[in-house]
Amino acid sequence: MELENIVANTVYLKARESRAKGKSKKWRHMLQFPHISQCLYLKEGLDLDFHQLCEIEPIGKKLFQEYCLINSKLKQLIEFLQASEEYESSIDSERPEKAKLVVAQYLMIEDKESLFKDVVSFETIEDARRMSVTGPTHSVFSQCAKEIRNYLKGQPFDKYLKSHFFKRYLQQ
């Protein structure tokens, strides 16, 4: 019994020792991203489509969201898109409450700082409000989300393509 303990402890110490001796440095070196200057040529070979780059590809979507979160105006739009996705994936019994929360938090355009009044049409907002009260279905906020995505495809996407977030995307 005591011999087994000694052998187990020795094996454990050897394993810890070999891990610290250089394997982590080797793996760290292998997993490093190449320098950004080595990746800029990839931009010419990519299809720079908003839908593909910022909605389908998970890393591209995450980096675009991070880019938008540093801008207070775009942050509100991204948070709405996330809330509407959460609403769409919720179960039917939770939808009425979540719809009220989304409307109260994002679609009350009386707020002077709301960007929605410049991006989403007033009729679309009113339709979403009405549908959220009468009977929340799966597609209550889909038209609002569509108009927001159309807005994000324009100038925000062009600025993203010139940002360091897009350069980080190219490094992968």
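Use the structure listed above.
Parameters and conventions
- Residues numbered from 1 in each chain as written.
- Predicted model: local features only at pLDDT ≥ 70, side-chain atom pairs only at ≥ 80, totals over all residues.
- Heavy atoms only, no water.
- Helix = DSSP H or I, 4+ residues; strand = E, 2+ residues; numbered from the N terminus.
- Buried < 20%, exposed > 50% of the residue type's maximum accessible area, 1.4 Å probe, protein only.
- Contact = heavy atoms within 4.5 Å.
- Areas by Shrake-Rupley, 256 points an atom, 1.4 Å probe, with all protein chains shown as cover.
- Core = buried A, V, L, I, M, F, W, Y, C linked by side-chain atoms within 4.5 Å.
- Salt bridge = Lys/Arg side-chain N within 4 Å of Asp/Glu carboxyl O.
- Phe/Tyr/Trp six-rings, centres within 6.5 Å; stacked < 30°, edge-to-face > 60°.
- Lys NZ or Arg CZ within 6 Å of the ring centre and 35° of its normal.
- Arc of directions from axis to C-beta.

Asks: I tried to follow the overall build of the protein chain on my own but got confused; where do I start?
Replies: Looking only at helices and strands, the protein chain has eleven helices and zero strands in total. Across the protein chain, helices and strands are ordered from the amino to the carboxyl terminus as α-α-α-α-α-α-α-α-α-α-α. Taken across its 172 residues, the protein chain has 31% of its residues classed as buried. For the protein chain, long-range pairs separated by at least 24 residues make up 69% of all intrachain contacts whose partners lie at least 6 apart in sequence. For the protein chain, the computed accessible surface area is about 11800 Å², with 55% contributed by carbon and sulfur atoms.

Asks: Would you explain the nonpolar core in this entry?
Replies: Inside soluble globular proteins, nonpolar side chains tend to come together where they are buried. Counting residues in hydrophobic clusters, the biggest one holds 37 residues, and the most contacted among them are Phe 64, Phe 80, Phe 141 and Tyr 160. Element by element, the count of residues in this core is highest for helix H5 (residues 72–88), at seven residues. Setting aside residues up to four positions removed in sequence, Tyr 160 forms contacts with Leu 53, Cys 54, Gly 60, Leu 63, Phe 64, Tyr 67, Phe 165, Phe 166 and Tyr 169.

Asks: Would you explain the pattern of salt bridges in this entry?
Replies: Opposite charge on two side chains makes pairing possible when the charged atoms of those side chains draw close. Enumeration over the complete set of coordinates arrives at eight salt bridges. Of the charged contacts, one joins Asp 92 and Arg 95 as a salt bridge, the two residues approaching to 3.2 Å between their closest N and O atoms. A residue is classified by how much of its surface remains accessible, and Asp 92, at 61% relative accessible area, is exposed. We note a salt bridge from Arg 129 to Glu 126, for which the minimum N-O separation is 3.0 Å. Note that Arg 129 and Glu 126 are positioned in helix H8 (residues 122–134) at a spacing of three residues, about one turn of the helix. Using a relative accessible area of 23% as the deciding quantity, one classes Glu 126 as partly exposed. Connected through salt bridges with shared partners, the residues Glu 55, Lys 61, Glu 85 and Arg 149 form a single ionic network.

Asks: Can you help me understand the packing of aromatic side chains in this one?
Replies: Describing an aromatic ring pair means giving the distance of the ring centres and the angle of the ring planes. Inspection of the entire model under this criterion finds eleven aromatic pairs. The interplanar angle of 90° and the centroid separation of 5.2 Å between the aromatic rings of Phe 64 and Tyr 160 together place this pair among those described as edge-to-face. Of this pair, Phe 64 sits in helix H4 (residues 58–69) while Tyr 160 sits in helix H10 (residues 155–161); the two residues are 96 residues apart in sequence, bridging distant segments of the chain. Take Phe 64: its relative accessible area is 3%, and that puts it in the buried class. Arranged with centres 5.8 Å apart and planes meeting at 70°, the rings of Tyr 160 and Phe 166 form a pair that is edge-to-face. Taking the relative accessible area as the measure of exposure, Tyr 160 reaches 0% and is therefore buried. Positioned over the ring face of Tyr 87 is Arg 95, at 5.6 Å from the centre of the ring.

Asks: Looking at this structure, I do not really get helix H9 (residues 142–152). What am I missing?
Replies: In an α-helix, one turn spans 3.6 residues; hence positions three or four apart end up facing the same way. Burial in H9 covers these residues: Cys 144, Ala 145, Glu 147, Ile 148 and Leu 152. Seen end-on, H9 carries its buried residues on one side only, within an arc spanning 160°.

Asks: Any chance you could explain the environment of Glu 85 here in plain terms?
Replies: Examined against the element boundaries, Glu 85 turns out to sit in helix H5. Of the residues examined, Glu 85 reaches a relative accessible area of 32% and is grouped as partly exposed. Taking C-alpha positions, Glu 85 is 9.0 Å from Phe 141, a pair spaced 56 residues apart along the chain. Once you skip the residues sitting within four places of it in the chain, Glu 85 turns out to touch Lys 61 and Arg 149.

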